[in-house]
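Here is how the chains run, residue by residue.
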Amino acid sequence: MALLNSKTKAVLLGPLNKNNPVIVQVLGICSALAVTSKLEPSVVMTIAVVVVAGFGNVVISMLRNTIPNRIRIIVQLVVVAALVTIVSEVLKAYLYDVNKQLSVFVGLIVTNCILMGRLEAFALGNGPWPSFLDGVGNGLGYGWILIVVGFFRELLGSGTLFDIPVIPQALYDIGYENNGLMILPPMAMIVIAGIIWVHRYRDKELQEETN
Amino acid sequence: MKALRNYIDKIKPHFEKGGKLHMLHSVFDGFETFLFVPNHTSRSGVHMHDARDSKRTMILVVVALIPALLFGMFNIGYQHNLAIGIDPGFWETFIFGLLAFLPQLIVSYGVGLGIEFVTAQYRGEEIAEGFLVSGILIPMIMPVDTPLWMIGVSTAFAVIFAKEVFGGTGFNVFNVALIARAFLFFAYPSHMSGDQVFVRTAGTFGLSNPQMIDGMAQTVDGFSGATMLGQLAITDAPNFTEFSFHSITGGQASLMDMFLGFIPGSVGEVSTLAILIGAALLIITGVGSWKTMLSVFLGGGAVILLINQFAANAIMGMPPLYHFVLGGFAFGAVFMATDPVTSSRTEKGKWIYGFLIGALAIAIRVFNPGYPEGMMLAILFMNAFAPLIDFYVIDGNIKKRLKRSAIKNHERV
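The model shown is predicted, which means the values in this text are computed figures rather than measured ones. (Residues numbered from 1 in each chain as written. Chains lettered and ligands numbered in written order. Predicted model: local features only at pLDDT ≥ 70, side-chain atom pairs only at ≥ 80, totals over all residues. Heavy atoms only, no water.)

Enquirer: Tell me about the overall build of chain A, and name the residues and values.
Expert: Counting secondary structure elements, chain A contains 10 helices and two strands. Secondary structure of chain A in N-to-C order comes out as α-α-α-α-α-α-α-α-β-β-α-α. The C-alpha atoms of chain A give 19 Å as radius of gyration, which agrees with the globular expectation for 211 residues (17 Å, within 12%). Within chain A, buried positions represent 46% of all 211 residues. Considering only contacts in chain A between residues 6 or more positions apart, those separated by 24 or more positions represent 75%. For chain A, the accessible surface area stands at approximately 11,100 Å², while carbon and sulfur atoms represent 68% of it. Each charge class in chain A was averaged separately, 14 positive and 13 negative side chains, and the resulting centres sit 11 Å apart. (Helix = DSSP H or I, 4+ residues; strand = E, 2+ residues; numbered from the N terminus. Rg over C-alpha atoms; globule rule 2.2 N^0.38 Å. Buried < 20%, exposed > 50% of the residue type's maximum accessible area, 1.4 Å probe, protein only. Contact = heavy atoms within 4.5 Å. Areas by Shrake-Rupley, 256 points an atom, 1.4 Å probe, with all protein chains shown as cover. Lys, Arg positive; Asp, Glu negative; His and termini not counted. Charge placed at Lys NZ, Arg CZ, Asp CG, Glu CD.)

Enquirer: Give a description of the interface of chain A and chain B that names residues and reports values.
Expert: Of the residues lining the interface, 12 residues belong to chain A; the matching set on chain B comes to 13 residues. Counting the surface lost from both chain A and chain B, the interface buries some 960 Å², and carbon and sulfur atoms represent 67% of this. Counting the surface chain A buries against chain B, the share from its top three residues, A:Glu177, A:Leu181 and A:Trp197, is 44%. Across the contact surface, chain A and chain B share zero salt bridges. The interface formed by chain A and chain B includes four residue pairs in polar contact (both at pLDDT 80 or more). Its residues assigned to classes, the side of chain A that touches chain B comprises seven nonpolar, four polar and one charged. (Buried area = accessible area lost by both parts, 1.4 Å probe. Salt bridge = Lys/Arg side-chain N within 4 Å of Asp/Glu carboxyl O. Polar contact = N/O pair within 3.5 Å; in protein donor to acceptor, adjacent residues only side chain to side chain. Nonpolar A, V, L, I, M, F, W, Y, C, P; charged D, E, K, R; others polar.)

Enquirer: Tell me about the pattern of salt bridges, and name the residues and values.
Expert: Side chains bearing opposite charge may pair, as long as their charged atoms lie close to each other. Summed over the entire model, instances satisfying the criterion amount to eight salt bridges over all chains. Between A:Arg118 and A:Asp134 there is a salt bridge, with the nearest N and O atoms lying 2.9 Å from each other. On the criterion of sequence distance, the pair formed by A:Arg118 in helix α7 (residues 113–121) and A:Asp134 in helix α8 (residues 128–158) is long-range, its members being 16 residues apart. Pair check on accessibility: A:Arg118 and A:Asp134 agree, each one buried. Across the pair B:Glu347 and B:Lys291 runs a salt bridge, and its minimum N-O distance is 2.6 Å. With B:Glu347 in helix α15 (residues 347–367) and B:Lys291 in helix α12 (residues 290–309), this pair connects stretches of sequence that are 56 residues apart.

Enquirer: Break down the nonpolar core for me, with residues and values.
Expert: Ranked by internal contacts, the top residues of the largest apolar core, which has 145 residues, are B:Phe245 and B:Phe335. Considering every element that reaches this core, the biggest residue donor is helix α3 (residues 54–84) of chain B, with 11 residues. Counting contributing residues, this core receives three or more from each of domain 1 (2–37 + 53–206) and domain 2 (238–404) of chain B. Non-local contacts of B:Phe335, meaning those with residues more than four positions away in its chain, are made with B:Val61, B:Ala64, B:Leu65, B:Leu137, B:Ile275, B:Gly278 and B:Leu282. If you look at the next biggest cluster of nonpolar residues, it comprises six residues, including A:Val11, A:Leu12, A:Val50 and A:Phe122. (Core = buried A, V, L, I, M, F, W, Y, C linked by side-chain atoms within 4.5 Å. Domains from an automatic or database assignment.)

Enquirer: Describe the side chain of A:Asp134, with residues and values.
Expert: Residue and element names in this part refer to chain A. Residue class for Asp134 comes out buried when judged on its relative accessible area of 3%. Side-chain polar atoms of Asp134 contact the side chain of Arg118, separated by 2.9 Å. When residues no more than four places from it in sequence are discounted, the contact partners of Asp134 are Val11, Asn57, Arg118 and Phe122.

Enquirer: Provide a residue-level description of a positive patch on the surface, including the pertinent values.
Expert: Residue and element names in this part refer to chain B. Together, Lys348, Lys400, Arg401, Arg404 and Lys408 make up a region of like positive charge exposed at the surface. No other element matches the four residues that helix α16 (residues 375–412) contributes to the positive patch. Mapped onto the fold, Lys408 is located in helix α16. (Patch = residues over 30% accessible without salt bridge, like charges linked within 9 Å, V, L, I, M, F, W, Y side chains within 5 Å.)

Enquirer: Give me unusual backbone geometry: which residues, what numbers.
Expert: Residues and elements named next belong to chain A. Despite not being glycine, Val26 has its phi angle at roughly 55°, a positive value. In this fold, Val26 is placed in the loop between α1 (6–13) and α2 (29–34). Of note, Asp163 is a non-glycine position whose phi angle comes to about 65°, a positive value. Mapped onto the elements, Asp163 comes out in the loop between β1 (160–161) and β2 (164–165).

Here is the structure:
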């Protein structure tokens, strides 16, 4: 059995494009606004969500036949909370500064709608391997939006990427200045709106009917 | 006029379907309807008979802005002369201001109309005339020393994200000119407030050059470019009677100076007198709603009279008249709050909308030391609520009429 047949491929790659959790389903917006003022926290947040979503899906998928239906949300919460705690401890140990920047948003991965949605909608009804791919796919789908938003916000707002100055001094000398609004959350909203705009423009299927 | 009409009729076929310049048809159409009243008549449905189409309305607003614009340009030169201690006479003062303002106006119109033309062409629609007013308002509410590229960026942002994404002229939720200003205000705060930006100390196109030492323009002793509200925000006077406004050279500034506009500030906002002339024109021609204008002043007046009772510092004790002539209060009330697209449309709604703008603007001024001026934020905030106000006014009316008809029906039974 190949690791990726056409069905599992769709499970993995769908969330990156036509089924994207952020720009199509419009989930996880809160953390996307909060952590994307710099590129580095965006990348770390992406990795954290990919790990938690992937393994959370696997664990729930393996337990799916033993979880009583009436308490399934609590079980899901326990599993996700345990994974988030592990991720949070790892971040504190090895990436303390980034962990400071992410502040409560690492802990709030527990309440991220994308995770609970995938556990409910996919892991409870599918085997561990497709569930793992689904979790990773959705984590990455969420993550690439974060990284794109973080890229533009850090580039235009601070003139740096990964805290390395990239805008040449010559540009500042002729009067260029960093855009302070880019650091503020409203601009993250507008950048995401811009991504949605381009995405829908390229993909006619996603466009709502107008009357 | 006749020759112009003939010329337009002659070149018209090129722009119609099949003509070789069809791709520019919306540009042509825009100019034709700008120059002549369009002679289209509707073929079905409702027929409106009114000489006032939106291009006429827009041009009237621009005309109403002219007194404030002319005075504002003169004032740029006047403040500049005060700052560097020269007196070159009236015309050179005015021309200095004109040359300082003109590049901003050109950038604002160039960027804004460019985007309008491209989107109209792309959508196959007529060019909407909304930017005619926004384009002149944008430089009028910016400090004179705002870099041109910032005006370009903010204009592009405002036109695209506040107007075109909502569907173009007539569909915007927020006032486009104020969005441009708000964008700059949060993106480049050091260029939009403080005491460095409202008075130009450097020369303009080689005119009235001050003495330069180490790249810094030399100003007269005691110079401070702070606006009146800026002085008020940083003063440590315990109450208003012990506080006194000073002009940029340190002398006293009277209420009359502020009313006439001999104070530092953006081009449009300085002269309350010139704004009132514009307001009279808007009201006489029926373009601006007197209800909105009056209620902004009523709302502001009510709140400041209330705050005066509990005055604990200078700005809390400032009487209403000062509030009305300072900052962008009058300009916002007359030219921004009355924007027919973003304000309330119901007559009762206009009273509520205006009253809350005035009240909020004063509250922001008095209670938030970070923002010496609150008019922009107050208007933008109430723009968001205008549809809600309209909804409840209409809903209330429906309920009232239902009740009336229910009583009648009951009596009949």
